[in-house]
Amino acid sequence: MTSVKRNSDIISINNFSFYYGLNQVLFDIDLRVVNNEIIAFIGPSGCGKSTLLRSINRMNDLIENTNHEGDIQLIGQSIYTRDLDVIGLRKRVGMIFQKSNPFPKSIYENIVFGLRIAGIKDKEVLDNAVEESLINAALWDEVKDRLHSSALGLSGGQTQRLCIARTIAIKPEIILMDEPCSALDPIAAGKIEETILELKKKFTIIIVTHNMQQASRISDRTAFFYLGKLIECGDTEHIFSNPHEKQTEDYISGRFG
């Protein structure tokens, strides 16, 4: 694993375009993501932000008849080289989905799932990973006395934090989040936001959100997409208070979207 300094680029997206069959959905995207920042992707539905997010760990490879142009680099190395270990890439770039997806196993087994696949069997190592991950996901105090109970008995907000804990247990460098709060009530969403802010101390986070208030509360930088193009990216405070582009201003102010 190549180390990367705080405030230096961890992801470089270079002249990147993406196609579903003949339908082009991303157009010449150039974007840098800085280590240990939270960057929010905003824009109306269908603007390409989730497609770009899923390109960063090559989740779109699972969809037939897709193609891309340009490149995405993780710490200076292309993720599209022929000999790239895609499974290894997804360990480095974890993913939290819109709908929480706990496995039908115990809370404990959910957390250690990826570690067991990696061949880790030492109980002390697994126990420590469970505790550390649940603490970092702000869930430990709520579940520490029922680790061997089914994860399916958790609330919606708890299961989303469990999925965060499961992701960070394998110690990725980057966490991708695709509208992680959209299915949650405001209280549960608030806990997820608090968790995300804490996670920034250890991880780089990219979050797709339709919630303008959420983007303004938790992100360091915001990127606005429209019709497959990156219209503007900058410090979140600046994007929301004084955007350069009229399209950005119109979207943030609710004139469309």
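What you see is a predicted model, and the numbers here were worked out from it, not measured in a lab. Residues take numbers from 1 onward in each chain, read along the sequence in its written order. Selection of residues for local features in this predicted model requires a pLDDT of at least 70, selection of side-chain atom pairs for listing and counting requires 80 or more, and totals for whole chains, interfaces and linings are taken over all residues. Heavy atoms from the whole structure form the basis of all side-chain values; hydrogens and water molecules are not counted.

J.: Go over the packing of aromatic side chains with me, naming the residues and quoting the values.
T.: Centres within 6.5 Å are what make two rings of Phe, Tyr or Trp a pair, Trp counting through its six-membered ring; a difference in plane orientation under 30 degrees is then read as stacked, over 60 as edge-to-face, and the rest as tilted. What the rule picks out here adds up to 6 aromatic pairs. Measuring from centroid to centroid gives 6.2 Å for F16 and Y80, while their planes differ by 25 degrees, and the two rings are stacked. Taken together, the residues span a long stretch of sequence, with F16 in strand β1 (residues 9-20) and Y80 in the loop between β5 (77-78) and α2 (86-92) at a distance of 64 residues. Of the aromatic side chains, those joined through ring pairs into one cluster are F16, F18, Y20 and Y80. For a lysine, the NZ atom is tested; for an arginine, the CZ atom; a charge sits over a ring if that atom is within 6 Å of the ring centre and within 35 degrees of the ring normal. Taking the ring centre of F103 as reference, the NZ or CZ of R166 above it sits at 4.0 Å. Looking at K229, its charged tip hangs above the ring of F27, at a distance of 5.9 Å from the centre. The helix count covers DSSP runs of H or I at least four residues long, the strand count covers runs of E at least two residues long, and both are numbered beginning at the N terminus.

J.: Can you lay out the packing of helix α3 (residues 107-117) against helix α4 (residues 123-136) for me, pointing to particular residues and giving the numbers?
T.: Contact geometry of α3 with α4 gives a least axis separation of 10 Å together with a crossing angle of 115 degrees. The interaxial crossing formed by α3 with α4 has right-handed handedness. Along its contact with α3, which presents I107, Y108, I111, V112, L115 and R116, the element α4 presents K123, L126, D127, A129, V130, S133 and L134. Only C-alpha atoms enter the line fits that serve as axes; for helices the fit covers just the stretch in contact. Angles between N-to-C directions range over 0 to 180 degrees. Working rule for handedness: look at the near helix, and if it is turned counterclockwise from the far one by less than a right angle, call the crossing left-handed; if clockwise, right-handed. Any pair of residues with heavy atoms lying within 4.5 Å of one another is described as a contacting pair.

J.: Mind laying out the environment of A183, listing which residues take part and the relevant values?
T.: Take A183: it is sitting in the loop between β7 (174-178) and α7 (186-199). Given a relative accessible area of 64%, A183 falls into the exposed group. Spatially, the C-alpha atom of A183 lies 21 Å from that of S150, the residues being 33 residues apart in sequence. Each residue is placed in one exposure class: buried if its accessible area under a 1.4 Å probe, protein chains only, is under 20% of its type's maximum, exposed if it is over 50%, and partly exposed if it falls in between.

J.: Please provide a residue-by-residue account of the layout of surface pockets, values included.
T.: In this analysis, the protein atoms alone were mapped onto a 1 Å grid. Cavities are point sets where a 1.4 Å probe fits without being able to get out; pockets are open sets with protein on both sides within 12 Å along at least five of seven lines; lining residues have an atom within 4 Å of a point. Grid points are joined across faces, edges and corners, and a volume is the space filled by probe spheres set on the points. Reported here for the largest pocket is a volume of approximately 880 Å³. Around the largest pocket sit 35 residues that line it, and R90, G114, R166, T167 and I170 are the ones nearest its centre. Considering each element in turn, the lining of the largest pocket owes the most residues, 6 residues, to α4. For the lining of the largest pocket, the residue count by class is 20 nonpolar, 9 polar and 6 charged. Here the second largest pocket is characterised by a volume of approximately 170 Å³. The wall of the second largest pocket is formed by 13 residues, among which C181, S182, A189, N211 and Q214 lie closest to the centre. Residues are grouped as follows: Ala, Val, Leu, Ile, Met, Phe, Trp, Tyr, Cys and Pro are nonpolar; Asp, Glu, Lys and Arg are charged; every other residue, Gly included, is polar.

J.: Hey, could you go over the sheet that holds strand β2 (residues 23-34) for me, with residue numbers and the actual values?
T.: If you walk across this open sheet you meet the 4 strands as β2-β1-β4-β5, and the pairing is antiparallel. Strand pairing shows two members of the sheet lacking a second neighbour, β2 and β5, which therefore form its edges. In terms of strand pairing, β1 meets strand β4 (residues 66-74) through 8 bridges, oriented antiparallel. Within β4, the position partnered with N14 by the bridge is D71. Think of it this way: DSSP has to see at least two bridges between two strands before they count as a pair.

J.: For the pattern of salt bridges, give the residues involved together with the corresponding values.
T.: Criterion for a salt bridge: a side-chain nitrogen of Lys or Arg within 4 Å of a carboxyl oxygen of Asp or Glu. The full count for this structure, using the stated rule, is 13 salt bridges. A salt bridge links D250 to K246, with the nearest nitrogen and oxygen atoms 2.9 Å apart. Of this pair, D250 and K246 both sit in helix α10 (residues 246-252), 4 residues apart, roughly one helical turn. Residue D250 is classed as buried on the basis of its relative accessible area, which comes to 13%.

J.: An account of the nonpolar core is needed here, citing residue identities and associated values.
T.: Buried Ala, Val, Leu, Ile, Met, Phe, Trp, Tyr and Cys residues that are joined via side-chain atoms within 4.5 Å together make up what is termed a nonpolar core. Ranked by internal contacts, the top residues of the largest apolar core, which has 45 residues, are L134 and M177. Excluding residues within four positions of it along the chain, M177 makes contact with L53, I96, I164, I196, L199, I205, I206, I207 and V208. Counting residues in each nonpolar core, the second largest holds 30 residues, with I11, L31, L74 and V208 among its members.

J.: So what about unusual backbone geometry? Which residues, and what values?
T.: The backbone of N36 shows a phi angle near 60 degrees, a positive value even though the residue is not glycine. Among the secondary structure elements, N36 is positioned in the loop between β2 and β3 (38-42). Owing to a relative accessible area of 14%, N36 belongs among the buried residues under this scheme. The phi torsion at R58 lies on the positive side, around 60 degrees, for a residue other than glycine.

Worth remembering: the numbers are spatial, not functional.
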